[in-house]
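Structural overview
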Amino acid sequence: KKEPKRTLTPNEQDKLSGDMRELYDRLLPSQESEDRRARLIEKLDRILNEEWPDSDIHVNVFGSSGNLLSSTDSDVDICITTPLKKLESMHSLAALLDKNGMEKVVCRAAAKVPIVKCWDPELELAMDLNVNNPLALQNTRMIRTYVQLDDRVRPLAKIIKYWTKRRILNDAAFGGTISSYTWICMIISFLQRREPPILPSLQKMDGHRRKSESGETSSFADDVESLKGSGAANKESLGELLFQFFRHYGYEFEYSKHVVSIREGRLVLRKEKGWDPTDYGDKESHNRLCVEEPFTTVRNLGNSADYYAWHGIHLEIRRAFELLEDGLQLERCCEQYEFP
Ligand code: CTP
Ligand code: MG
């Protein structure tokens, strides 16, 4: 089999970057959809605080509605924070939403992170709600900070997310694949490891930390104004980055040896993390994706995909690479996957 092409010519890069810009413009959520999201938050705030007044209930968004990577059709991820313990069981929350006209209310009280899912027919938005899960707010804020540091991050990440949706590669809960969040960590890690780096590790970096209203110092560098442009020494184009992303995870990254770690900003060895394949004692774990959750580092975000699922995703990454290598076919690369 021939060697995968190493790089694109300047002309090829211009063409692919142009196609990406065009696609990116179409993927940006409309103002109207942003407004509906904001109205949903106000509405939930009102419903909850009317039902349980004086319970210090706050409605926070996380996930793509909070990290600058949403599309018009993204679900809204919501975290309710409150000292009212009874809300944490989720059942009373589900009943309240149902009473207030929400449809398709589903309560997954026993899930790893218990959630209620529902659909608001008035604002036409689907949502996932959890109660008191500050980790998700924290990692969302860090993703948003990374997205703001360099102008290439948002278009690149949105286009890769779009590709994962169209190829059905981002449904950790049902599809046995990996979540959008895992893909985003893979993208950030890739950008941290370009030469010279486009992104730093915000958790490793000294200083540049702001204080929250309550006076707590951020656990990662978050002062966007002072950090912005630190990757400017790297001049790679959007087209080149997309091409290299697929090349990297399709052919270069050694899944049997390495862990994606945005906390470290470099590749970590599976051995040093105790995620060595031999520790599992089975051959299948050899070729598997390992992605460290940046705040809860014992969590492997890659393990929602089993060996066979990961193998399928890996083939999809190579398919994308080959379609770009052979004539920059971005549209075919993102063609809707049809089940055979
Ligand atoms: N999350 C997490 N651990 C996971 C998956 C998700 O902590 N294994 C949290 C993260 O805070 C993430 C949020 O849940 O930002 C939403 O995850 P996900 O829906 O995968 O990402 P989105 O950015 O919301 O992408 P999409 O638009 O596809 O919903
Ligand atoms: Mg989401």
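Residues numbered from 1 in each chain as written. Chains lettered and ligands numbered in written order. Predicted model: local features only at pLDDT ≥ 70, side-chain atom pairs only at ≥ 80, totals over all residues. Heavy atoms only, no water.

Remarks on the nonpolar core
Buried together is how nonpolar side chains tend to be arranged in soluble globular proteins. For clarity, the threshold we go by: In these notes, a set of buried Ala, Val, Leu, Ile, Met, Phe, Trp, Tyr and Cys residues joined through side-chain atoms within 4.5 Å is what counts as a nonpolar core. In this scheme, a residue with accessible area under 20% of its type's maximum is buried, one over 50% is exposed, and one in between is partly exposed, where area comes from a 1.4 Å probe on protein chains only. Per the convention used, a helix needs a DSSP run of H or I reaching at least four residues, while a strand needs a run of E reaching at least two, with both numbered from the N terminus. In what follows, residue pairs with any heavy atoms lying within 4.5 Å of each other are defined as contacts.
Ranked by size, the top nonpolar core spans 63 residues in total, and within it W163 and F246 carry the most contacts. No other element matches the nine residues that helix α6 (residues 180-192) contributes to this core. Ignoring anything within four residues of it in the chain, the contact list for F246 reads W163, Y251, I317, A320, F321, L324 and C333. The next biggest cluster of nonpolar side chains, apart from the first, holds 25 residues, and it includes W52, A94, M102 and L123.

Some remarks on the sheet that holds strand β3 (residues 103-108)
For clarity, the cut-off: Strand pairing follows a simple DSSP-based rule, namely that at least 2 bridges must link the two strands. Axis definition: a line fitted to C-alpha atoms, limited for helices to the stretch in contact. Angles are taken between N-to-C directions and run from 0 to 180 degrees.
Reading across the sheet, the five strands line up as β1-β2-β5-β4-β3 and stay open at both edges, with mixed pairing between neighbours. Because the sheet does not close on itself, it has two edges, and the strands there are β1 (58-62) and β3. Between one strand and the next, the sheet's axes are offset by a mean angle of 25°, whatever the strand orientation. Pairing geometry for β3 and strand β4 (residues 115-120), over four bridges, is antiparallel.

Observations regarding unusual backbone geometry
The step from E195 to P196 runs through a cis peptide bond, and the omega angle for that step is -15°. Locating P196 in the fold gives a position in the loop between α6 and α7 (224-227). Within the chain, K104 stands out as a residue other than glycine whose phi angle is a positive 50°. Here K104 shows up in strand β3. Note on K104: relative accessible area 63%, which makes it exposed. Even without being glycine, H208 reaches a positive phi, approximately 55°. Tracing the chain through its elements places H208 in the loop between α6 and α7.

Notes on the domain arrangement of the protein
So the rule is basically this: Residue ranges assigned to the domains are those given by an automatic or database domain assignment. Summed over both partners, the accessible area lost on bringing two parts together, with a 1.4 Å probe, is the buried area. The salt bridge criterion pairs a side-chain nitrogen of Lys or Arg with a carboxyl oxygen of Asp or Glu, the two atoms within 4 Å. In protein, a polar contact requires one atom able to donate a hydrogen and another able to accept it; more generally it is a pair of N or O atoms within 3.5 Å, and residues adjacent in sequence count only if both atoms are side-chain atoms.
Looking at the assigned domains, one finds that the protein contains domain 1 (10-27 + 137-333) and domain 2 (31-134). Contacts between domain 1 and domain 2 engage 15 residues on the former and 17 residues on the latter. For the pair domain 1 and domain 2, the summed buried area comes to about 1,300 Å², and 58% of that belongs to carbon and sulfur atoms. When the buried area of domain 1 at its contact with domain 2 is split by residue, L137, T140 and K158 rank highest and sum to 42% of it. Taken together, the connections running from domain 1 to domain 2 amount to zero salt bridges. The interface formed by domain 1 and domain 2 holds seven residue pairs in polar contact (both at pLDDT 80 or more) in total. Taken together, the elements giving at least two residues each to the side of domain 1 that touches domain 2 come down to α4 (134-149) and α5 (153-166).

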